[in-house]
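Descriptive analysis of the structure
If you want the building blocks of each chain, they are given just below.
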Amino acid sequence: MMNVSFSDYGGRPQYVEWARNAGVNVNGEDDFYTNPTMKGYYKNHVKKVTARLNTVTKIAYKDDPTIMAWELMNEPRCQADYSGRMVNGWVQEMASFVKSLDSKHLLEIGMEGFYGDSMPEKKVNNPGYQVGTDFITNNLIKEIDFTTIHAYPDILLSGQNDSAQMAFMQRWMGTHSKDSNRILKKPLVLAEFGKSNKDSGHNLGARDQYLITVYESMNKFERTGEGIGGSLVWQLMGEGMDSYGDGYGIILSQHASTRAVISAQSHKMTTFGRMLLGRKH
C-alpha cells in the first residue's frame, strides 16, 4: 500500500500539510489528486518504496518475489467530484508511473467498490451514496491488474439488522463479481471484510458464522465460474497488538474457532485453484 485516504498513518492530510508548509496554495485534501506538488511527493514516495532493499535478502522491493501486488491508495475518496472522474485521472497517472518503475508485480487501486457516473444504473448497488470513485472506469485502466472491494455492512448499514446487512454483503459480492468477470475481465479480491466486536450483541460465535456465510457465498460464485479470487479478513493481529485494535482484530492464537473457519476456507480456495489449473491443462 502506497498511501491511505484518511488520516491514519498520515494519508492525504499529511500531503496537504507538507505542501502548505512548503508555501503551496492548497484548498483541501482533494487537491491531492490534481496538485502537481503533492503528486510529486507521492511519486517520490513510490520511487523510494519500490527501490528499497529487503534488509534480509538484499533484493529491491521491485524485484522481490515475496510481494504479490502494490496498492495505490487504501480506500480513495473525493468529495470534490463524486462522479469518479477526478480520481480516475489520478489513478491513470499513478498506475502508469508505478508500472514504469516495476512491471513485475501486480497492481490494484485499493477501492471499496462504490459505483460512479459511468454506468448510472449500477449506483443502486451503493449503500445510498457515492464517495467519488467509479468501480467500472477506475478499474478499466489497463495498468490495473485486478479489482478490489471492501465490505463493512455494520458501518455502511449501521442501524439495520443482521439479515439486512448480510443481504447487502451478498449483493455487494455478487454484483462486483459479475462486473469484474463480464465487464472488466479482471479477477476480483474481497480485500477487506469483517465484523466488529463493538457491534451490539457481538459474540465470537456470531462473528464465526458471519465469516462462514461470506465464505459460502464466495464458494457459490466460484462454482458458477464468476468467482472471487481471494479474500482478506480485516484484521489479523499478533499478540500484544491490542493498541492497534479497531474492533475488527482477530488474534488467531486466542480465537481457535475463528482460526478453524479461516483455515478451512484457505484449504477450499487452494482446491479451487488446483481445479482451475487442471482445466487449463
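Quick look at the structure, then. (Residues numbered from 1 in each chain as written. Predicted model: local features only at pLDDT ≥ 70, side-chain atom pairs only at ≥ 80, totals over all residues. Heavy atoms only, no water.)

Before going further, it helps to examine the packing of helix 6 (residues 162–184) against helix 7 (residues 204–223). Following both chains from N to C, one finds helix 6 and helix 7 inclined at 30 degrees, their axes separated by 11 Å at the closest point. Classified by the interaxial angle, the pair formed by helix 6 and helix 7 is roughly parallel. For helix 6 against helix 7, the interelement crossing comes out right-handed. Of the residues in helix 7, those in contact with Met166, Met169, Gln170, Met173, Gly174 and Ser177 of helix 6 are Tyr210, Thr213, Val214, Ser217, Met218 and Phe221. Here the contact of helix 6 with helix 7 is built from residues that sort into seven nonpolar, five polar and no charged. (Axes fitted to C-alpha atoms, helices over the stretch in contact; angles between N-to-C directions. Helix = DSSP H or I, 4+ residues; strand = E, 2+ residues; numbered from the N terminus. Parallel < 35°, antiparallel > 145°, perpendicular 65-115°, else oblique. Left-handed = near helix turned anticlockwise from the far one by under 90°. Contact = heavy atoms within 4.5 Å. Nonpolar A, V, L, I, M, F, W, Y, C, P; charged D, E, K, R; others polar.)

All right, on to the packing of helix 2 (residues 36–51) against helix 3 (residues 85–101) then. One can describe the packing of helix 2 onto helix 3 by two numbers: an axis separation of 10 Å at closest approach and a directional angle of 30 degrees. Taken together, the axis directions place helix 2 and helix 3 in an arrangement best described as roughly parallel. The handedness of the crossing between helix 2 and helix 3 is right-handed. Residues Lys39, Tyr42, Lys43, Val46, Lys47 and Thr50 of helix 2 form the contact with helix 3, whose own contacting residues are Trp90, Glu93, Met94, Phe97, Val98 and Leu101.

Attention shifts here to helix 1 (residues 11–21). Each full turn of the α-helix corresponds to 3.6 residues, which orients residues three or four apart in the same direction. Along helix 1, the positions that sit buried rather than exposed are Gly11, Arg12, Tyr15, Val16 and Ala19. Buried residues along helix 1 sit in contact with helix 2. (Buried < 20%, exposed > 50% of the residue type's maximum accessible area, 1.4 Å probe, protein only.)

Evaluation of the coordinates by the stated rule reveals 14 aromatic pairs. Arranged with centres 5.6 Å apart and planes meeting at 45 degrees, the rings of Phe32 and Trp90 form a pair that is tilted. Of this pair, Phe32 sits in the loop between helix 1 and helix 2 while Trp90 sits in helix 3, placing them 58 residues apart in sequence. Trp90 matches Phe32 in its accessibility class, with the two residues each being buried. When the centroid spacing of 5.1 Å and the interplanar angle of 70 degrees are considered together, the rings of Tyr152 and Tyr248 count as edge-to-face. (Phe/Tyr/Trp six-rings, centres within 6.5 Å; stacked < 30°, edge-to-face > 60°.)

That is the geometry; function is a separate question.
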